[in-house]
Amino acid sequence: MAPTRAEFHVLLALLDGPRHGYGLMQDVDELSSGEFQLGPGTLYTAIKRLRTSKLISETGADADRRRCYRLTKKGRAVVEEEARRLNELVRAARKRGALPSAS
Amino acid sequence: MTAERLYAALLHLYSTEFREEYGDEMLAAFHDLRRARRRSPLRFWLFIVSDVVTSAAREHLDGQRWLATALLGLAATVGTAHGVTALYQYFYHPYFEGTAIPALPYGATLGLVLGASVAIAQWMLFPAAERRAGRWALASAVALPVAILFCSTAIEQALDGLNPVIQIHHPVALDLLVIGPIGNWSAIATQFAAMATSALLIRALMESRKTC
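Residues numbered from 1 in each chain as written. Chains lettered and ligands numbered in written order. Predicted model: local features only at pLDDT ≥ 70, side-chain atom pairs only at ≥ 80, totals over all residues. Heavy atoms only, no water.

Examining the overall build of chain B
The number of helices and strands found in chain B is 8 helices and 0 strands. The linear arrangement of helices and strands in chain B, starting from the amino end, is α-α-α-α-α-α-α-α. Residues classed as buried in chain B amount to 35% of the 212 residues present. The long-range fraction of contacts in chain B, counting pairs at least 24 apart against all pairs at least 6 apart in sequence, stands at 73%. (Helix = DSSP H or I, 4+ residues; strand = E, 2+ residues; numbered from the N terminus. Buried < 20%, exposed > 50% of the residue type's maximum accessible area, 1.4 Å probe, protein only. Contact = heavy atoms within 4.5 Å.)

Concerning the overall build of chain A
From N to C terminus, chain A includes 4 helices and 3 strands. Counting helices and strands in the order they occur from the N terminus, chain A gives α-β-α-α-β-β-α. By residue count, 44% of the 103 residues in chain A fall in the buried class. Counting only contacts in chain A whose residues sit at least 6 apart along the sequence, the fraction spanning at least 24 positions is 43%. Counting only carbon and sulfur atoms, one obtains 50% of the accessible surface of chain A, whose full area is about 6,000 Å². (Areas by Shrake-Rupley, 256 points an atom, 1.4 Å probe, with all protein chains shown as cover.)

A word on a nonpolar patch on the surface
All names here are of chain B. A cluster of nonpolar side chains, Leu 72, Ile 120, Trp 123 and Met 124, forms an exposed patch at the surface whose accessible area comes to about 450 Å². Broken down by element, the nonpolar patch gets its largest block of residues, 3 residues, from helix 5 (residues 103-125). On the secondary structure map, Trp 123 appears in helix 5. Classification of Trp 123 as exposed rests on a relative accessible area of 58%. (Patch = residues over 30% accessible without salt bridge, like charges linked within 9 Å, V, L, I, M, F, W, Y side chains within 5 Å. Salt bridge = Lys/Arg side-chain N within 4 Å of Asp/Glu carboxyl O.)

Concerning the packing of aromatic side chains
Any aromatic ring pair is given by two values, namely how distant the centres are and how the planes are angled relative to each other. Residues and elements named next belong to chain B. Inspection of the entire model under this criterion finds 7 aromatic pairs over all chains. Geometrically, the ring pair formed by Tyr 14 and Phe 18 is stacked, given 5.0 Å between the ring centres and 25° between the ring planes. The buried category is assigned to Tyr 14, whose relative accessible area is 3%. Judged by centre distance (5.8 Å) and plane angle (80°), the ring pair of Phe 44 and Trp 45 falls under edge-to-face. Judged by its relative accessible area of 1%, Phe 44 falls in the buried class. (Phe/Tyr/Trp six-rings, centres within 6.5 Å; stacked < 30°, edge-to-face > 60°.)

Observations regarding the sheet that holds strand 2 (residues 56-61) of chain A
Residues and elements named next belong to chain A. Pairing is antiparallel in the open sheet, where 3 strands are placed in the order 1-3-2. Strands at the two margins of the open sheet, each flanked by one partner only, are strand 1 (19-20) and strand 2. Relative to strand 3 (residues 67-71), strand 1 runs antiparallel, the two sharing 2 bridges. Bridge pairing in strand 3 links His 20 to Cys 68. Against the sheet, helix 1 (residues 5-14) contacts strand 1, strand 2 and strand 3, and its axis sits at roughly 90° relative to strand 3. (Pairing = 2+ DSSP bridges. Axes fitted to C-alpha atoms, helices over the stretch in contact; angles between N-to-C directions.)

Concerning the packing of helix 1 (residues 3-10) of chain B against helix 2 (residues 16-35) of chain B
Between two packed helices, the angle of one axis relative to the other and the distance separating the axes together describe the packing. Residues and elements named next belong to chain B. Their axes nearest at 10 Å, the elements helix 1 and helix 2 cross at an angle of 140°. In this view, helix 1 runs oblique relative to helix 2, as classed from their interaxial angle. In this structure, the crossing between helix 1 and helix 2 has a hand that is right-handed. In this structure, helix 1 uses Ala 3, Glu 4, Tyr 7 and Ala 8 to contact helix 2, whose residues at the interface are Met 26, Leu 27, Phe 30, His 31 and Arg 34. Of the residues assigned to the contact of helix 1 with helix 2, the class counts are 6 nonpolar, 1 polar and 2 charged. (Parallel < 35°, antiparallel > 145°, perpendicular 65-115°, else oblique. Left-handed = near helix turned anticlockwise from the far one by under 90°. Nonpolar A, V, L, I, M, F, W, Y, C, P; charged D, E, K, R; others polar.)

Written as structure tokens, this is what we have:
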């Protein structure tokens, strides 16, 4: 199953290394230029699903004793696959004139 | 009431299992988010409340996906039973007079259809890591009594030799299954009540086994 928007953003944020919950919220905010903001509820329900699907795992606590999460090999494969799929979509949108040409 | 206390109260909208696992972290994330607040208090709380309500609803729905697999299994089984009867009636010929489908293999076939369709539904609705034999058993067990109720007319006709004209008296046990014609609201309500009761009973049994 393809990841949801929130799940994809969390996976994308974890490509840079382990993060705790609030760190993930900040990263998602920055990655989407403030267009997509995760609340704690959406974030932790996404984390639960990603952990169950073994796309992320817990790394232990940081200095502030907060649980951190990291991407698994399977999670990396999923985020790369989804990025490829979205890239194809963008390419198709450009071809049909829905987006300005890249050149 | 402080903002943290209010948020802790809102966390009760999630299941106990989820709250125990992530409640403290969510509270810490809320605390940080509030300190770094870039919105007016009203917009901040609108964001938080809508986030809690939508994600809690999703979390509860995720927990009920086994029920959706039961419903899909039920639809496939009832469709098969009534489909077989309709086909036989369509192609009926007096030559088949008195030819009845033996109850045991027919019941076993419907059971296989139910089990297989629940398994397919689980494959469609759950990612590989979440597919469990326990969920399959729960969904099948919940769908089975309701499938018997909804299939009763088709089963009756099959056991009568599928003759659409013939009227044969049935054993009392079989009559008990025939509540009434579909379209009768009280019958439909009874059937759904039967499903809800069996679902709750089986779930309670599984929960008690988990806590033992």
